[in-house]
Amino acid sequence: MCYGSVGWTGRSEVAPAECFCPPDFPSALYCDSRNLRKVPLIPPRIHYLYLQNNFIDNLPEESFKNATELRWVNLDNNRIKKLDRRVMEQMDSLVFLYLEKNQLKEVPSFLPANLEQLRLSRNQISKIPSGVFNKLEHLVLLDLHHNKLSDGVFNKNTFRGLKNLMQLNLAHNILRKLPPGLPSAIHQLFLDRNNIEGIPDDYFKEFPNLAFLRLNYNQISDKGLPKNSFNLSNLLVLQLAHNKLTTMPFINPKLEHLYLNDNSIESELGVICPTALVTFQDFSSDLENVPRLRYLRLDGNQLKPPIPLDLMMCFRLLQSVVF
């Protein structure tokens with residue numbers, strides 16, 4: 001631990017003069033936004049290290065030789081091109097690693113096995129080395145958005161080892177197809193701002209826990225969309241804005257939020273009703289079997305008001321319709 005920017009502990013552990021170690025948070029070292037070009041010597045027993053917004057281009061082994069208890073390292077917005085294997089292998093306790101907005105060209109290898117969050121967005125990553133995730137069974141969040149990942153990068157074994165991954169962000173890359181072999185434990189999947197044209201039959205059936213799916217700003221058309229693509233019992237939020245749909249996709253009755261704005265939809269809205277319509281006379285106060293949709297966005301399509309009666313009859317729990 002350390003105390004103050006030039007403080008000490010009982011073991012004379014001096015904090016780097018360029019950094020700040022708060023007295024009320026002695027396990028944290030703040031070296032962010034200091035115009036640093038190299039990493040200072042990190043004292044022992046630091047758990048939280050903030051190095052973001054500097055000009056650092058590498059992580060020397062010497063700087064981290066005493067920092068064996070790091071749990072959280074933020075290196076966002078630097079100039080790092082690769083990570084030193086020896087540095088990574090000594091960070092056994094590292095749980096959160098932030099490397100957004102650097103100059104990485106591939107996913108780093110030899111990552112600590114205890115990682116739970118790995119944030120690599122806004123780099124130049126176009127390669128995922130084979131087996132790079134094999135030992136990361138504790139990883140729950142992987143953010144790769146805004147890189148240069150293409151279809152050829154992925155195969156059925158790319159994500160092997162990510163048994164507990166809950167959130168995967170592959171948005172803003174150059175994908176034309178949905179990648180194979182995604183971890184089955186996924187809860188949140190972000191694939192917006194790619195060039196995806198279609199969805200293979202039963203693709204999302206492999207993810208029984210999928211609750212949030214974002215596919216905005218792609219090239220998905222009716223032709224590339226099998227009828228039951230989104231008939232998923234655990235899916236709560238589906239975003240399909242800014243695609244090339246001309247008809248409404250079929251949804252599961254349990255879906256709660258649906259974004260279909262800025263497509264070319266012009267067909268009757270009633271076709272998306274996931275259950276048979278009931279008449280006003282048959283409708284009772286029992287809402288158990290009524291579709292759960294609460295928010296529906298349809299603006300930017302070829303639809304004209306008024307909102308069809310069938311739509312309101314089907315989705316009795318709707319709280320907001322943007323038409």
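Everything that follows concerns the structure shown earlier in this document.
Residues numbered from 1 in each chain as written. Predicted model: local features only at pLDDT ≥ 70, side-chain atom pairs only at ≥ 80, totals over all residues. Heavy atoms only, no water.

## Some words on empty space enclosed by the protein
Summary: where empty space remains is shown by rolling a probe the size of a single water molecule over the atoms. To be explicit about the condition: Of the two site types, the cavity is a set of points on a 1 Å grid over the protein atoms alone where a 1.4 Å probe fits but cannot get out, and the pocket is an open set with protein on both sides within 12 Å along at least five of seven lines, each lined by residues with an atom within 4 Å of a point. Grid points are joined across faces, edges and corners, and a volume is the space filled by probe spheres set on the points. Each residue receives one of three labels: charged for Asp, Glu, Lys and Arg, nonpolar for Ala, Val, Leu, Ile, Met, Phe, Trp, Tyr, Cys and Pro, and polar for the others, Gly being one of them.
A full pass over the atoms with the stated rule returns 1 cavity of 30 Å³ or more. Estimated volume of the largest cavity: approximately 40 Å³. Surrounding the largest cavity, Ile199, Pro200, Asp202, Tyr203, Phe204, Lys205, Asn228, Ser229 and Leu232 form its lining. For the lining of the largest cavity, the residue count by class is 5 nonpolar, 2 polar and 2 charged.

## Some details on the nonpolar core
Buried together is how nonpolar side chains tend to be arranged in soluble globular proteins. Rules: In this description, a nonpolar core means a group of buried Ala, Val, Leu, Ile, Met, Phe, Trp, Tyr and Cys residues linked to one another through side-chain atoms lying within 4.5 Å. Relative accessibility thresholds used throughout: buried, under 20% of the residue-type maximum; exposed, over 50%; partly exposed, between the two (1.4 Å probe, protein chains only). Secondary structure is summarised from DSSP: a helix means a run of H or I of at least four residues, a strand means a run of E of at least two, and numbering begins at the N terminus for each. Contact between two residues is taken to exist if any of their heavy atoms lie within 4.5 Å; hydrogens are not considered.
With 86 residues, the main nonpolar core has Phe64, Leu97, Phe133, Leu142, Phe204 and Leu215 as its most contacted residues. For this core, the secondary structure elements donating two or more residues are helix H1 (85-89) and helix H2 (309-314). Look past the residues within four positions of Leu97 in its chain and what remains in contact with it is Val73, Leu83, Met88, Leu111, Leu115, Gln117, Leu118 and Arg119.

## Side note on the state of the cysteines
Put simply, the test is: When two cysteine sulfur atoms lie within 2.5 Å, the pair is treated as a disulfide.
Here the structure, examined in full by the defined rule, presents 2 disulfides. Here Cys19 pairs with Cys31 through a disulfide, and the sulfurs are 2.0 Å apart. Between Cys19 and Cys31, the S-S dihedral sits near 110°, and the bridge is therefore right-handed. Taken together, the residues Cys19 in the segment before strand S1 (28-30) and Cys31 in the loop between S1 and strand S2 (48-50) connect sequence positions 12 residues apart. Given the relative accessible area of 2%, Cys19 is considered buried.

## Observations concerning a nonpolar patch on the surface
Stated formally: Any residue with relative accessible area above 30% and no salt bridge may belong to a patch, with like charges joined within 9 Å and the nonpolar Val, Leu, Ile, Met, Phe, Trp and Tyr side chains within 5 Å. All accessibility values rest on the Shrake-Rupley procedure with a 1.4 Å probe; residue burial counts only the protein chains present in the view. Any carboxyl oxygen of Asp or Glu within 4 Å of a side-chain nitrogen of Lys or Arg constitutes a salt bridge here.
A cluster of nonpolar residues, Ile307, Leu309, Met312 and Phe323, forms a patch on the protein surface that exposes about 330 Å² of accessible area. Looking at where Met312 falls in the secondary structure, it is placed in helix H2. On the accessibility criterion, Met312 (35% relative accessible area) is partly exposed.

That is the geometry; function is a separate question.
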